[in-house]
Amino acid sequence: MVEIHVPKADPITNNEAVPDTIIHINEKLPEMGALKLDELVDFYRDVADKMYNALKNSLPQAAMHYLACRLLENSRNLYRGI
């Protein structure tokens, strides 16, 4: 099991609490062929939205920006043929 600990963002105002966030990545993917293409798109979009929302509500903004850059940098191979 991989476990990481990172600092959370400071609240912007005194009335706003930044939540502690724990992300569990331990569920199995759907069986190959179990979902239609549009269902598969929805599945992965939902996973990405959950991760994004958890991170944007907890990480410092600079960490989110660097993470976005790293994700885009890592995905450039996807666009070689374009």
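It should be noted that the structure appears before, not after, this text.
As the structure is a computational prediction, the values presented were derived from the model and not from experiment.

A. Region of interest: the overall build of the chain. Looking only at helices and strands, the chain features two helices and zero strands. At 16 Å, the chain has a C-alpha radius of gyration far larger than the 12 Å of a compact globule built from 82 residues. On the principal axes, the C-alpha backbone points of the chain span a range of 50 × 30 × 25 Å. For the chain, the accessible surface area stands at approximately 8,200 Å², while carbon and sulfur atoms represent 57% of it. Mean positive and mean negative side-chain charge positions of the chain (9 and 12 charges, respectively) differ by 7 Å.

B. Summary view of the pattern of salt bridges. A complete count under the given rule lists four salt bridges for this structure. Residue lysine 50 pairs with aspartate 46 through a salt bridge whose shortest N-O separation is 3.2 Å. Here lysine 50 pairs with aspartate 46, and both are found in helix H1 (residues 37–56), just four residues apart, close to one helical turn. A residue is classified by how much of its surface remains accessible, and lysine 50, at 55% relative accessible area, is exposed. As a salt-bridge pair, arginine 70 and glutamate 73 come within 3.7 Å of each other at their nearest N and O atoms.

C. Molecular detail of the side chain of serine 75. Assignment of secondary structure puts serine 75 in the segment after helix H2 (61–74). Separated by 3.1 Å, the side chain of serine 75 and the backbone oxygen of leucine 72 make a polar contact.

D. Up close: the packing of aromatic side chains. Applying the stated criterion across every chain, the model contains one aromatic pair. Judged by centre distance (5.1 Å) and plane angle (80°), the ring pair of phenylalanine 43 and tyrosine 44 falls under edge-to-face. The exposure class assigned to phenylalanine 43 is partly exposed, which follows from its relative accessible area of 26%. The partly exposed category is assigned to tyrosine 44, whose relative accessible area is 43%.

Calculation notes
- Residues numbered from 1 in each chain as written.
- Predicted model: local features only at pLDDT ≥ 70, side-chain atom pairs only at ≥ 80, totals over all residues.
- Heavy atoms only, no water.
- Helix = DSSP H or I, 4+ residues; strand = E, 2+ residues; numbered from the N terminus.
- Rg over C-alpha atoms; globule rule 2.2 N^0.38 Å.
- Areas by Shrake-Rupley, 256 points an atom, 1.4 Å probe, with all protein chains shown as cover.
- Lys, Arg positive; Asp, Glu negative; His and termini not counted.
- Charge placed at Lys NZ, Arg CZ, Asp CG, Glu CD.
- Salt bridge = Lys/Arg side-chain N within 4 Å of Asp/Glu carboxyl O.
- Buried < 20%, exposed > 50% of the residue type's maximum accessible area, 1.4 Å probe, protein only.
- Polar contact = N/O pair within 3.5 Å; in protein donor to acceptor, adjacent residues only side chain to side chain.
- Phe/Tyr/Trp six-rings, centres within 6.5 Å; stacked < 30°, edge-to-face > 60°.

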